[in-house]
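What the coordinates show
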Amino acid sequence: KQKNDRLEIEQSIELLKTSFFSLDLIENLINLITNWYLKLRPVDLENWENEPEDWFNEEASLDWEFQIRKCAENYFQDLSIHFSEFISQFIMSKIENLNTGQLDSITKDSILSIFELSSNSISKSCNFNQLLIEYFIPQALSTDNSLNSKLIKRRVCLIINEWLDVKIEPNVRIEIYKFLLTLVSEPENDKVVKLTSIQTLKYMLDDWEFRKGDFRPFIDENVKHLLMVLDSLETIESKIFTLNTMS
């Protein structure tokens, strides 16, 4: 009976994939998720501005069951796993059209978020190292609009977090260290951007592929600016988070 149950489940999954989830339906679902559920809301931007440490800590700790955006992220990841070939082409097309000038900053951020969430399903069909060096990091460092600037800086850090499991070349890791140091050291970057860059740095330091020799040239400057960030923080949770990264 157990074997038959498993067979029925497998058959049902295959039936859903082949008969119910048409390519048009998948595309409509992704557009729905991107345009309505993954976008940061006005209240998110307000909390980012008025209570940056609390907002960062809440975003970093939320389980997907308790917030609509997190649920949408989880559902999208399920879609990307089961329909990776189609979704890979769809996402790369979205990324290529990001700079058409017709998209607002919030929409761009939501599109970048689906790339962030797709690391396990599209990594074989895109050169992440090249994309990061030639597109994502330059975009994050060249934006001049205040809202767009902080959104893309934060999002590129989150993309790096999710894509660390993909093979990142040693020379690209060095460029990431430079990028993170820029974010944490520039006075114009707000607390959310700086805390997110610290979060990414911690991911990098804890990663199995971390090489002390590659990071050594950046230690002194990072410690200097992490201490400056630490001095500016107000909540105990943010301070402990920063100290844990330094340790």
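Bear in mind the structure is a predicted one, so any value in this text is a computation, not a measurement. (Residues numbered from 1 in each chain as written. Predicted model: local features only at pLDDT ≥ 70, side-chain atom pairs only at ≥ 80, totals over all residues. Heavy atoms only, no water.)

1. Focus: the environment of K194
Relative to the helices and strands, K194 resides in helix 12 (residues 191-206). Beyond its immediate stretch of four places on either side in the chain, K194 contacts L183, V184, E186, P187, N189 and V229. (Helix = DSSP H or I, 4+ residues; strand = E, 2+ residues; numbered from the N terminus. Contact = heavy atoms within 4.5 Å.)

2. Let's talk about helix 10 (residues 146-163)
Here helix 10 contains 18 residues, and its C-alpha end-to-end distance of 26 Å stays within 8% of the 26 Å for a straight helix at 1.5 Å per residue. Of all the 18 residues making up helix 10, 15 are buried; the element is thus mostly covered by neighbouring parts of the structure. (Expected span 1.5 Å × (residues − 1). Buried < 20%, exposed > 50% of the residue type's maximum accessible area, 1.4 Å probe, protein only.)

3. Section: the side chain of N189
Tracing the sequence through the fold places N189 in the loop between helix 11 (170-185) and helix 12. Here the side chain of N189 touches K153 through a polar contact of 2.8 Å, side chain to side chain. Residue contacts for N189: discarding those within four places in its chain leaves K153, T182, L183 and K194. (Polar contact = N/O pair within 3.5 Å; in protein donor to acceptor, adjacent residues only side chain to side chain.)

4. Observations concerning the nonpolar core
Counting 65 residues, the largest nonpolar core has I87, F115, L132, F136, V156 and F179 as its most contacted members. With eight residues, the top contributor of residues to this core is helix 11. Those residues in contact with F136 that lie beyond four places of it in its chain are L112, F115, F128, L131, V156 and I159. (Core = buried A, V, L, I, M, F, W, Y, C linked by side-chain atoms within 4.5 Å.)

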